[in-house]
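Overview (structure and organization)
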Amino acid sequence: MGGQALKEMISSLILPFADFMFAVTNAIPLGVVRAAVFAIIAVLAFWVIRMPAQLPENEEKQGLHLLKDLRFFALGVLVLQALLYIVF
Amino acid sequence: MKLGTLSGIDVVIVFVYLIGMMWFGIRIGRFIKTDKDYFLGGRKLPWWAIGMSMVVSDIGALDIVGVAGTAYLYGIAMANFEWIGCIPAMIIGAFIFIPFYWRTGVFTIPEFLGRRYNQFVRTVVALIVGIFMAFLLGVFLYTAAKAINILIGWPEYASILGVAAVVGVYTLFGGLAAVVYTDAIQCVIMFVGSAIILIIALIKIGGWGELVTAVTAMGDQYSNHFELLLPVDSPTPYGWAGILFGLSFVLSPAYWLGNQAIVQRTLGAKSEYEAKKSVLWGAFLKLFIPIILVGPGLAGIVLHPGLESSDDIYPTLIHDMLPPGLTGLVFAAFLAALMSSVDSYLNSAATLWTKDIYQAIFVPDKSDRHYMLVGKTFIGIFLVLGVIVAPIAGKFPTIYGYFQTVFSIFQGPLLAIIGLGLLWPRATGIGASFGLVLGVMTSSTLFWMKDLIFSTSEPFLYIAWWAFIAALFITVAVSLMTKPDYSKHRMVSRGTAHWEDKR
């Protein structure tokens, strides 16, 4: 069987599924997609807030360490990211 | 398309910059004594330099030319590659994956996979990634040659050789430390240079509002140029489904969590805390990248409509807008971006082949100095291979598409086995072996028949997604049929207190 014939045989098996996926994703409104993007950012931010304090190895774990706790750094980045998707 | 030559002051600026980088690399080389010094910077690198190095290694000349060129063609959707296509993966990487790598004390990703699974997985990953890195070096060198050719008329092959020689010197002598510190300098130069281009372009056009008005008035083909999320039936390769599934779920995590050239920097940090901090610092810097790269591409639509090749837009803007002196600075910034990518991939490819192929399989019990010399030899070999491969890159419609296509072949399967290895103790070495090989075969097959099943001419995002899914299912299925070794997962999840003992 030639290369082109093999290619066409395999693609004929995949094409119905490919067409189905294309139709499904094309039917989703862009507003829903944008909401999904914000949801990803929000879920990440929630996960970051919930983790234990991310401090240097010898740092005292009690209390709030705004400048040293990496969670707040990550939160700041995520907030800026969300703002960019709002603006653009 | 030829634009002209650099003025005298521009040549001086570029010359001083290139000589400075080589001198710096040679100076750092005087402190290198062991393979740990050479491949991991002695584990003394500061977080701020590592973060800057990660960013500028990622957005080398390839992105400057390619992203600006693709933005010229397709619009602001390119920003997704730096935003949703980077930030979430970097944050997950900082808090989950980097600590795993750090605690096991590995030099390379394949080494980590070897400890978690088996030697076969380690070797296959090292071979695939090592070979692809050689091709990518060719892409980076071709990108630079193209821009240099446009800007100052040098023959492409002479430019390739010149850049390879400069990068080769400081990478060869200075190892990862030279790479990271020169990258930090290059990051500053690149940010400043790219910002200058954007600011001058916007002043010429009359501001961002005028830019939007002018571009959207140019016709229907520009109607989506200011939309971040494009419909699936968009005539571009960047419909939202590919961006969300292929990019942010697969290619981005695979790149930021499984690319040796990126991860190796964090392994050179002074502590686990600083390794995490370096990644978050890199994520912060990434927020600004689309503004300084996509912006010029969009401005170029107004200032230079109808360019024959969209990848010419950035070099054209440099040449047309900047006075002598500034041209030299921005050209140096461009070279800085290029060299940061080449030096990173050179250093990482050499590390992979030295530690995962040469030492792991053929010559296991030699001194640190021996492996350091072998690493330097591999740098020379990969430089030569990159120079030979460079002309092939010109065959693709856009440089960025070529780069991403190459990555999409193996990044999805690699992410699947890394993720399962860390998060699922039941994953077995045999499962990962099948998942990796059959996953790469899946992506290769999809690429082979892409014209028959995908609506876009560059379906790398979709190929990456489906190869990832295939590798995931295969790894899980075969793992469930084979006997697990839970001690391997415990070892990588708990790490070791004295990493120096591990090889």
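About the cut-offs
- Residues numbered from 1 in each chain as written.
- Chains lettered and ligands numbered in written order.
- Predicted model: local features only at pLDDT ≥ 70, side-chain atom pairs only at ≥ 80, totals over all residues.
- Heavy atoms only, no water.
- Helix = DSSP H or I, 4+ residues; strand = E, 2+ residues; numbered from the N terminus.
- Rg over C-alpha atoms; globule rule 2.2 N^0.38 Å.
- Buried < 20%, exposed > 50% of the residue type's maximum accessible area, 1.4 Å probe, protein only.
- Contact = heavy atoms within 4.5 Å.
- Areas by Shrake-Rupley, 256 points an atom, 1.4 Å probe, with all protein chains shown as cover.
- Lys, Arg positive; Asp, Glu negative; His and termini not counted.
- Charge placed at Lys NZ, Arg CZ, Asp CG, Glu CD.
- Phe/Tyr/Trp six-rings, centres within 6.5 Å; stacked < 30°, edge-to-face > 60°.
- Lys NZ or Arg CZ within 6 Å of the ring centre and 35° of its normal.
- Axes fitted to C-alpha atoms, helices over the stretch in contact; angles between N-to-C directions.
- Left-handed = near helix turned anticlockwise from the far one by under 90°.
- Nonpolar A, V, L, I, M, F, W, Y, C, P; charged D, E, K, R; others polar.
- Core = buried A, V, L, I, M, F, W, Y, C linked by side-chain atoms within 4.5 Å.
- Salt bridge = Lys/Arg side-chain N within 4 Å of Asp/Glu carboxyl O.
- Patch = residues over 30% accessible without salt bridge, like charges linked within 9 Å, V, L, I, M, F, W, Y side chains within 5 Å.
- Buried area = accessible area lost by both parts, 1.4 Å probe.
- Polar contact = N/O pair within 3.5 Å; in protein donor to acceptor, adjacent residues only side chain to side chain.
- Expected span 1.5 Å × (residues − 1).
- Bend = angle between axes of the 7 residues up to and from the residue.
- pLDDT = per-residue confidence, 0-100.
- Parallel < 35°, antiparallel > 145°, perpendicular 65-115°, else oblique.

1. Describing the overall build of chain B
- If you tally the helices and strands in chain B, you get 21 helices and zero strands.
- Against the globule reference of 23 Å for 503 residues, chain B gives a C-alpha radius of gyration of 22 Å, in line with a compact fold.
- In terms of its C-alpha atoms, chain B occupies a principal-axis envelope of roughly 65 × 55 × 40 Å.
- Relative to its full complement of 503 residues, chain B shows a buried share of 68%.
- A sequence separation of at least 24 residues applies to 86% of the contacts in chain B between residues at least 6 apart.
- Carbon and sulfur atoms make up 68% of the accessible area of chain B, which amounts to about 16400 Å² in all.
- Side chains of chain B give 31 positive and 28 negative charges; the mean places of these two sets differ by 14 Å.

2. Points about the packing of aromatic side chains
- Taken as a whole and judged by the stated rule, the model has 26 aromatic pairs over all chains.
- In this structure an aromatic cluster arises from ring pairing among F17 of chain A together with W240, F245, F249, W465, W466 and F468 of chain B.
- If you follow K355 of chain B out to its NZ or CZ, it ends over the ring of F107 of chain B, 4.2 Å from the centre.
- Over the ring of Y371 of chain B we find K355 of chain B; its NZ or CZ atom is 5.5 Å from the centre of that ring.

3. A closer look at the packing of helix α8 (residues 156–205) of chain B against helix α13 (residues 289–303) of chain B
All names here are of chain B.
- For the pair α8 and α13, the least separation of the axes is 9 Å and the interaxial angle reads 35°. Two packed elements cross with a definite hand, and for α8 against α13 that hand is left-handed. Seen from α8, the contacting residues are F191, S194, A195, I197, L198, A201, K204 and I205; seen from α13, they are I289, I291, I292, L293, G295, P296, A299, V302 and L303.
- Class assignment of the residues belonging to the contact of α8 with α13 gives a composition of 14 nonpolar, two polar and one charged.

4. Considering the nonpolar core
- Formed by 205 residues in total, the largest nonpolar core has its most connected members in Y17, I91, Y101, L113, M339, Y345 and I417 of chain B.
- Among all residues touching I417 of chain B, those that are not within four sequence positions of it are L113, Y117, V121, V125, A432, L436 and T475 of chain B.

5. Focus on the pattern of salt bridges
Residue and element names in this part refer to chain B.
- Following the criterion strictly, the structure yields nine salt bridges over all chains and no others.
- Measuring nitrogen to oxygen at the nearest pair gives 2.6 Å for the salt bridge that ties D356 to R122. One end of the pair, D356, is in helix α15 (residues 326–362); the other, R122, is in helix α7 (residues 119–152), and 234 residues separate them in sequence.
- With a relative accessible area of 0%, D356 lands in the buried category.
- A network of salt bridges, in which partner residues are shared, links D58, E82 and K286.

6. Structural notes on the environment of M449 of chain B
- Tracing the backbone through its elements, the reader meets M449 of chain B in the loop between α18 (429–448) and α19 (450–453).
- Setting aside residues up to four positions removed in sequence, M449 of chain B forms contacts with K7, I10, S11 and I14 of chain A.

7. Points about helix α14 (residues 313–321) of chain B
- With seven of nine residues buried, α14 of chain B lies mostly within the body of the structure.
- Buried within α14 of chain B are the following residues: I313, Y314, P315, T316, L317, I318 and M321 of chain B.

8. Examining a nonpolar patch on the surface
Residues and elements named next belong to chain B.
- Taken together, the side chains of F120, I430, F434, V437, L438 and M441 make up a nonpolar region of the molecular surface, amounting to roughly 530 Å² of accessible area.
- With five residues, α18 is the largest single contributor of residues to the nonpolar patch.
- One can find V437 in helix α18.
- Judged by relative accessible area, V437 falls into the partly exposed class, the value being 32%.

9. Some points on the interface of chain A and chain B
- Between chain A and chain B, the contact holds 40 residues from the first and 39 residues from the second.
- Its largest share of buried area at the contact with chain B, chain A owes to L70, Y85 and F88 of chain A, together 17% of the area lost on that side.
- If you look at where chain A meets chain B, you find zero salt bridges.
- Linking chain A to chain B there are five residue pairs in polar contact (both at pLDDT 80 or more).

10. Here's the deal with unusual backbone geometry
Residue and element names in this part refer to chain B.
- Of note, R43 is a non-glycine position whose phi angle comes to about 55°, a positive value.
- Counting through the fold element by element, R43 comes out in the loop between α2 (35–40) and α3 (47–58).
- Among the residues examined, R43 registers a relative accessible area of 8% and is labelled buried.

11. Notes on helix α1 (residues 3–27) of chain A
- Taking 1.5 Å per residue, 25 residues should reach 36 Å; α1 of chain A reaches 35 Å between its end C-alpha atoms and fits that length.
- The principal kink in α1 of chain A, of about 40°, is found at I14 of chain A, preceding the proline P16 of chain A by one to four residues.

12. Quick notes on the side chain of E272 of chain B
- Inspection of the secondary structure assignment puts E272 of chain B in helix α12 (residues 272–286).
- Within the structure, the side chain of E272 of chain B is placed 3.2 Å from the side chain of R103 of chain B, a separation counted as a polar contact.
- Here E272 of chain B is in contact with E57 of chain A together with P99, W102 and R103 of chain B, once residues within four sequence places are set aside.

13. Description of the side chain of D183 of chain B
Residues and elements named next belong to chain B.
- Secondary-structure assignment places D183 in helix α8.
- D183 gets classed as buried once you look at its relative accessible area, which sits at 0%.
- Sequence-distant contacts of D183, that is, excluding residues within four places in its chain, are made with S53, V56, S57, R265, S340, D343 and S344.

14. A closer look at the environment of G85 of chain B
Residues and elements named next belong to chain B.
- Looking at where G85 falls in the secondary structure, it is placed in the loop between α4 (61–74) and α5 (87–104).
- Taking the C-alpha atoms as reference points, G85 and L244, separated by 159 residues in sequence, lie 8.1 Å from one another.
- Residues contacting G85, with those up to four places away along its chain left out, are N80, L247, S252 and W256.

15. Side note on the environment of V65 of chain B
- Assignment of secondary structure puts V65 of chain B in helix α4.
- Separated by 173 residues in sequence, V65 of chain B and Y238 of chain B place their C-alpha atoms 18 Å apart.

16. Some words on the confidence of the model for chain B
All names here are of chain B.
- A residue-level look at chain B finds 94% of positions with pLDDT of 70 or above and a mean pLDDT of 84.
- The least confident element of chain B, judged by mean pLDDT, is helix α21 (residues 486–494) at 76; the most confident is α12 at 94.
- Taken as a whole, residues 496–503 scores under 50 in pLDDT and shows 19 contacts with residues more than four places along the chain or in a different chain.
- For this predicted complex, the interface confidence reaches an ipTM of 0.87, while the overall pTM sits at 0.85.

17. What about the packing of α18 of chain B against helix α20 (residues 460–480) of chain B?
Residue and element names in this part refer to chain B.
- Between α18 and α20, whose axes approach to 8 Å, the crossing angle comes to 150°. Considered as vectors, α18 and α20 are oriented roughly antiparallel to each other. By crossing handedness, the relation of α18 to α20 is classed as right-handed. Side by side, α18 and α20 meet where I430, G431, A432, F434, G435, L438, G439, T442, S443, L446 and F447 of the first sit next to I463, W466, A467, A470, A471, I474, T475, V478 and S479 of the second.
- Among the residues making up the contact of α18 with α20, the classes are represented as 13 nonpolar, seven polar and no charged.

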